[in-house]
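Architecture at a glance
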Amino acid sequence: MTTHKRHWVRLTGLPLFLKAEHFAMARTLPEAVGPYAVDSGGFTELQRHGTWTRTPAQYVSDLRRIWEHVGPYDWAAPQDWMCEDLIIHGGQAGPLPFKGTHLSVREHQHRTVNNFLELRSLAPDLRIAPVLQGRSIEDYEYCRDLYESAGVRLAGEPVVGLGSVCRLQSTREGAAIVTAMAAHNLKLHGFGFKTLGLAKVGHLLASADSAAWSYHARKRPPLPGHTHKNCANCIDYALAWRELVLAGIPQTGAPA
């Protein structure tokens, strides 16, 4: 479950997914009672600035503080570079302006792999996961080759993130990308996978994260007995949503 409420880590033993910035800005940090993973916040960073504003050394410092105070996380995403058109070319999506990196997909892929290698060099003891980026099957195969050529054996990694598939997840193209990467025996994590995407390829993923529950709750009345305007920030709603999503995924390889 994706959430920006960092205190949830002490409220549930179920897996959570939180941005590093939501911990980094806090004076005190809650201790986790269950598993959690850390998102680098790359989509927001590139959407707003068109580049990374925090250095790898600063990010590692954030991750170490989180590890020491919140507790060991399952894994953390690197400072990767998504390959969606809006991220690269800029533009407007609803209320969100995208600055645009104005770089090529290949450059995004090289920067993603190079950042992972730098983070691993700076902090070999931290659990930082490699992430595949691209737009097509050919792109993702190219990114996979970049890792392998650098000595990173992806099939041996505890988790390999699959980026830039969020908007394609329910399409035939998106399913083909997930299927192609899963064929390499990779333990894939799907970033931002919603119910339609999970229904198609959830059985091929080791895990996935989503904040779809919050969007869904924002459009509906609160749960019975709840006094807030809606349940967009409500852990009870999120937990109930999680159970419904998991029930709709084939059991083999269902996200935890």
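Residues numbered from 1 in each chain as written. Predicted model: local features only at pLDDT ≥ 70, side-chain atom pairs only at ≥ 80, totals over all residues. Heavy atoms only, no water.

When helices and strands are counted, the protein chain shows ten helices and eight strands. On C-alpha atoms alone, the protein chain measures out to a radius of gyration of 18 Å, which is about the 18 Å that the 2.2 N^0.38 rule sets for 256 residues. Across its three principal axes, the protein chain shows a C-alpha extent of roughly 55 × 40 × 40 Å. A burial count over the protein chain gives 50% of its 256 residues as buried. Of the contacts formed within the protein chain by residues at least 6 apart in sequence, a portion of 59% connects residues at least 24 apart. (Helix = DSSP H or I, 4+ residues; strand = E, 2+ residues; numbered from the N terminus. Rg over C-alpha atoms; globule rule 2.2 N^0.38 Å. Buried < 20%, exposed > 50% of the residue type's maximum accessible area, 1.4 Å probe, protein only. Contact = heavy atoms within 4.5 Å.)

Now for the environment of Ala175. As for its position among the elements, Ala175 is in helix α7 (residues 172–182). Ala175 sits 27 residues away from Gly202 along the chain, and the two C-alpha atoms are 9.8 Å apart. Not counting chain neighbours up to four residues away, the residues in contact with Ala175 comprise Gln169 and Val201.

Ranked by internal contacts, the top residues of the largest apolar core, which has 59 residues, are Tyr36, Leu132 and Leu188. Excluding anything up to four places from it in sequence, Tyr36 contacts Leu16, Leu18, Phe23, Ile66, Val70, Gly71, Pro72, Tyr73, Asp74 and Trp75. Listed in part, the eight residues of the second largest apolar core include Ala37, Trp75, Ala129 and Phe191. (Core = buried A, V, L, I, M, F, W, Y, C linked by side-chain atoms within 4.5 Å.)

The topology assignment puts Thr3 in the segment before β1 (16–19). Within polar-contact distance, the side chain of Thr3 engages the backbone nitrogen of Lys5 at 2.9 Å. Sequence-distant contacts of Thr3, that is, excluding residues within four places in its chain, are made with Trp8, Phe17, Leu18 and His22. (Polar contact = N/O pair within 3.5 Å; in protein donor to acceptor, adjacent residues only side chain to side chain.)

A few words on the confidence of the model for the protein chain. Looking at the protein chain as a whole, its pLDDT mean stands at 94, while 97% of the residues score no less than 70. Ignoring residues within four places in sequence, the model shows residues 252–256, a span with pLDDT below 50, making 17 contacts including any to other chains. (pLDDT = per-residue confidence, 0-100.)

This part takes up the pairing of strand β2 (residues 36–39). Here β2 shows a buried face lined by Tyr36 and Val38 and a second buried face lined by Ala37 and Asp39. Examined bridge by bridge, β1 and β2 share four bridges and lie parallel to one another. Opposite Lys19, over in β2, you have Asp39 as the bridge partner. (Pairing = 2+ DSSP bridges.)

Time to look at helix α2 (residues 42–49). All buried positions along α2 are accounted for by Gly42, Thr44, Glu45, Leu46 and Gln47. Packed against the buried residues of α2 are β1, α4 (85–89) and β4 (96–98). Backbone geometry just downstream of α2 places Gly50 in the positive-phi region, at approximately 75°.

At Ser164, a position not held by glycine, the phi torsion is positive, near 65°. Note on placement: Ser164 falls in the loop between β6 (160–162) and α7. Despite not being glycine, Asn185 has its phi angle at roughly 60°, a positive value. For Asn185, the position within the fold is in the loop between α7 and β7 (188–190).

What follows covers the packing of helix α3 (residues 56–69) against helix α5 (residues 105–122). Taken N-terminus to C-terminus, the directions of α3 and α5 make an angle of 55°; their axes are 10 Å apart at the nearest point. On the basis of their axis angle, the class for α3 and α5 is oblique. Relative to α5, α3 is oriented so that their crossing is right-handed. Between α3 and α5, the contacting residues are Pro56, Ala57, Tyr59, Val60 and Arg64 on the first element and Asn115, Glu118, Leu119 and Leu122 on the second. Broken down by class, the residue content of the contact of α3 with α5 amounts to six nonpolar, one polar and two charged. (Axes fitted to C-alpha atoms, helices over the stretch in contact; angles between N-to-C directions. Parallel < 35°, antiparallel > 145°, perpendicular 65-115°, else oblique. Left-handed = near helix turned anticlockwise from the far one by under 90°. Nonpolar A, V, L, I, M, F, W, Y, C, P; charged D, E, K, R; others polar.)

Let's shift gears to the sheet that holds strand β5 (residues 131–132). With respect to topology, four strands assemble into an open sheet ordered β5-β6-β7-β8, the strand pairing being parallel. Looking at which strands have only one partner, the edges of the open sheet turn out to be β5 and β8 (207–208). Sheet topology note: the β5/β6 ladder contains two bridges and is parallel. Bridge pairing in β6 links Val131 to Gly161. Docked against the sheet, α7 engages β5, β6 and β7, running at close to 160° with respect to β7.

Looking at the largest pocket, its volume works out to about 1,600 Å³. If you trace the largest pocket, you find 50 residues lining it, with Phe43, Cys166, Gly192, Lys194 and Ala211 closest to the centre. Going through the elements one at a time, β1, α1 (20–24), α2, β4, α8 (195–201) and α9 (212–218) are the ones with two or more residues in the lining of the largest pocket. Among the elements that take part in the lining of the largest pocket, α9 stands out by supplying six residues, more than any other. Classifying every residue of the lining of the largest pocket gives 19 nonpolar, 20 polar and eleven charged. (1 Å grid on protein atoms, 1.4 Å probe; cavity = no way out; pocket = protein on both sides within 12 Å on 5 of 7 lines; lining within 4 Å. Points joined across faces, edges and corners; volume = space filled by probe spheres on them.)

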